[in-house]
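Here's the letter readout for the chains.
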Amino acid sequence: MLDQLFQFLVTGITVGSIYALVGLGFALIYNASDVVNFAQGEFVMLGAMTAIALLAAGLPLPLAAIVATTIVVIVGLLLERFAIEPALGASVVATIIITIGAAIFLRGIAMLLWGKDFRSLPPFSGDTPIRIGSATLLPQSLWVLGVTVALVVLVRLFFDRTLVGKALLACSFNRAAAKLVGINVRVMLRLAYGLSAGFGALAGILVAPITFSSYEAGVMLGLKGFSAAIVGGIGNPMGAVTGGLLLGVLESLGAGFISSGYKDAIAFLFVLMVLFFEPTGLFGHKTAERV
Amino acid sequence: MRLAGFYVFAVAIILLPILFQDNYFVTVVGISAGLHVILAVGLNLLMGYAGQISLGHAAFFGMGAYASGILTTRYAWPAPLAMFAGLTVVGLIAWLLARPILRLHGHYLAMATLGFGIVVHVIMVQATHWTGGPDGLSGIPTLDLFGWPVDSDLRWYAVVAAAMLLAIWLSLNLIDSRIGRALRAVHGSEFAAQMLGIDTGRTKTQVFVVSALFAAFAGSLFAHQQGFVSPDSFSLMVSVELVTMVVLGGMASTFGAACGAIALTLLHAGLVVFEDYEMLIHGALLMAVMIFMPQGLFVGLDQAVRRLLRRSGN
C-alpha cells in the first residue's frame, strides 16, 4: 500500500511538472495580455512533433530539441502578430474564440504534415528504471523534474531580478501605466508569447518519450495546463506551478486507487470544486468589479 | 411586425422540401442543420444575451440524447415520456449547477463549463453499463407521434423544422420579455443591473436552465432520429463548434445564431470532400471572423446592407 502510494506520487509529480510548465505558459501570456491562450497545448504538441520529425531526419537529439523549440517560438510570435495584436482590447469571449481557432488551425497543420499516427521520442538517457526502495523511476522523469525546477527558478529570477521581467510584470498590473513609464508594451507582448511558446515546446519535448504524441496530443495537455493556471489563480506563475503539481498528483492517485478511466474526470471535478469554493483560484487576487 | 423575420423564415423552411424534392442537402443535411439551430439559438440566449460563455454545452445535448436512448432501449419507456424525463433531469442539473458556475466570470467561467463538459463526456465513455461506453448505444426507436411514426427523412425534416421554429419563436419572445431585458442589462454591466433592482443571480440561473433545456431537447430528437448515440457526438470539439455557430452568425441575435448554425452545417457537409483541410479551414474561419467581423457574419452583413440602403436613400 505504502509502496504503491509512493509510486503514484512519483508518477503524479512527473506528470504534474509537465502541467506546471504548460500552466506557466498560460500565466505568462495572461500577465502580458489578459488573454488565455487556448493554443498553449498546441505549442506543446508542435514541440514534440517537430523534434520527432527532426530526429527522424537525422539531426542529433539535442540539436533537434533546440531547433524544434526555436521553430515553435517563431510560431508563437506569428500567432501574436497576426491573431492577437489585431484584436487587442477585444472582449474575453472574443479572445477565447480567437485562440481556440488558432489551436484548431495548428492542429490542422500538424495533421497535414504528420498524419494521424502516434509517434514518440526515444528517452534522453536510456530506459533502465531507477529503483528507489520498492518504487521505480524512469530516467526520463528525472529529466522532466530537473528541467522544470530549473525553468521555474529561472522564471522566478527573471521576474524578481531583471528589468525586463519587472517591465513584463508592470504590463500585467496596468498596461496604460506601464506605457506611461516608457515600457514598450508591444515588445513585452511578443516576449511573453515567445517565452510561453518556448516553454510549451520544451514541455512537449520532455514528455514525448513518456507519452505518445500525435496531432491531437496538445488538447488534453493544454486543458490540464489551463486547469493548473486556473487552480493556482490565473496570472500567478508560481500558483500555476503549484496547481500543476497538485493536479498531477491528484490525477495519479485517482487513477491508481479509484479508476484509471475516470482520471480526467477526477482532475476536472477537482478544478470545479476549487472554483466553486474559491472563484478566483487558490492563490488568485480577489478582484472587485469596476463599474 | 416584430416577428416578420420569423414568418419569412418559416415560409422558406416549409418551401424548401417542396422546391427541392428528395434533395440530400435539404432532407439529410437539413435535419442536422435544424438540430444545430435549436442548439445554437439556446446557447445564444446564454452567450449572446447574458454574456456568459459556455464551453460545455455539448454535455446538455448529450444528456438529453442519452436519457432518451437509455430509457427507451433499456427500460422500454415510450419515447415522449423518455424525452420528458430527460428534460426534467437536465433542467434539474442545470438549475443546481447554475448558481455556483455563474458566480464565476470570464476565464474562470470558461474553465468551469469546459470542465463540466469533460466530466460528463468521461462518464459517457466509462459508465459502460448504462451508456454502452465508447461503442455507444444503438437500437433507439424512432419517434411515434400519436400513431404517426416519424420514419422517413421527409417526416423527420418536418418534425425537426417544427421544433426549430418553436425554438426560434420562444427565443424571440423571451428576448422581448421582462427576462430578456433583464438579461441584456446583465450583459451590459452586472453591477449596474443589480443597482436597478434586477436579481442578476436569478436571471442568469433562469437563462442557463432554458439554454440547457433547448440543448437537451435537441439531444433527445437527435437520439431518436439517428437511432444511435455515442460519446463522440458530445465531445469538447462539439461544444466548441456550437460556440462557433453562435459567434459566426453573430452574438445576441437569434437569427444570427440560426444562420451561423446553418452555415457551419453546410460548410461541414461541403468540406467532406476536403476532409484533410477541414480543421485548417475551421480554425482559420474562427480567427478571421473574430478579428475582422467580431459582431458575426449575419449581423455584420445586416449592418452593411442597412448602411447601403441608407446611402442609396440619400
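All of these numbers come straight from a predicted model, not from anything done at the bench.

Assigned secondary structure in chain B consists of 14 helices and four strands. Its C-alpha atoms give chain B a radius of gyration of 19 Å, near enough to 20 Å, the size a compact globule of 314 residues would have. The principal-axis extent of the C-alpha atoms belonging to chain B is close to 60 × 50 × 40 Å. Counting only residues that meet the buried cut, chain B has 50% of its 314 residues in that class. Residue pairs in contact within chain B that sit at least 24 positions apart in sequence constitute 77% of those at least 6 positions apart.

On to the overall build of chain A, then. A count of helical and extended segments in chain A gives 11 helices and two strands. In terms of overall size, chain A behaves like a compact globule, its C-alpha atoms giving a radius of gyration of 19 Å where 291 residues would be expected to give roughly 19 Å. Overall, chain A is about 60 × 50 × 35 Å in size when its C-alpha atoms are taken along their principal axes. When burial is assessed residue by residue, chain A has 50% of its 291 residues classed as buried. Nonlocal contacts in chain A, meaning residues at least 24 apart in sequence, comprise 75% of its contacts between residues at least 6 apart.

Our next topic: the packing of helix H11 (residues 236-249) of chain B against helix H12 (residues 254-271) of chain B. Residue and element names in this part refer to chain B. The N-to-C vectors of H11 and H12 enclose an angle of 120°; their axes lie 7 Å apart at closest approach. Taken together, the axes of H11 and H12 are oblique relative to one another. Seen along the crossing, H11 lies across H12 with a hand that is right-handed. For the pair formed by H11 and H12, the contact residues are Glu241, Thr244, Met245, Val246, Leu248 and Gly249 on the first element and Gly256, Ala257, Ala258, Cys259, Gly260, Ala261, Ala263 and Leu264 on the second. The residue makeup of the contact of H11 with H12, split by class, is nine nonpolar, four polar and one charged.

Considering every residue of chain B, the mean pLDDT works out to 88; 99% of them sit at 70 or more. Within chain B, the lowest mean pLDDT, 78, falls on strand E2 (residues 144-145) of chain B, and the highest, 95, falls on helix H3 (residues 57-74) of chain B.

Each side of the interface is counted separately: chain A has 40 residues, and chain B has 35 residues. When residues of the side of chain A that touches chain B are traced back to their parent elements, those giving at least two are helix H4 (92-114), helix H9 (217-231) and helix H11 (263-277) of chain A. In the side of chain A that touches chain B, the residues fall into 32 nonpolar, five polar and three charged.

Turning next to helix H1 (residues 4-19) of chain B. The terminal C-alpha atoms of H1(B) lie 22 Å apart, and with 16 residues this matches the ideal 22 Å at 1.5 Å per residue to within 8%. Taken across its 16 residues, H1(B) has one buried, putting it largely on the surface.

Before going further, it helps to spend a moment on the nonpolar core. One finds Leu39(B) and Ala40(B) to be the most contacted residues of the largest nonpolar core, which totals 194 residues. Top element by residues in this core is helix H8 (residues 185-207) of chain A. It accounts for 14 residues.

Conventions and cut-offs
- Residues numbered from 1 in each chain as written.
- Chains lettered and ligands numbered in written order.
- Predicted model: local features only at pLDDT ≥ 70, side-chain atom pairs only at ≥ 80, totals over all residues.
- Helix = DSSP H or I, 4+ residues; strand = E, 2+ residues; numbered from the N terminus.
- Rg over C-alpha atoms; globule rule 2.2 N^0.38 Å.
- Buried ≥ 20, exposed ≤ 12 C-beta atoms within 10 Å, placed from the backbone.
- Contact = placed C-beta atoms within 7 Å.
- Axes fitted to C-alpha atoms, helices over the stretch in contact; angles between N-to-C directions.
- Parallel < 35°, antiparallel > 145°, perpendicular 65-115°, else oblique.
- Left-handed = near helix turned anticlockwise from the far one by under 90°.
- Nonpolar A, V, L, I, M, F, W, Y, C, P; charged D, E, K, R; others polar.
- pLDDT = per-residue confidence, 0-100.
- Expected span 1.5 Å × (residues − 1).
- Core = buried A, V, L, I, M, F, W, Y, C linked by C-beta atoms within 7 Å.

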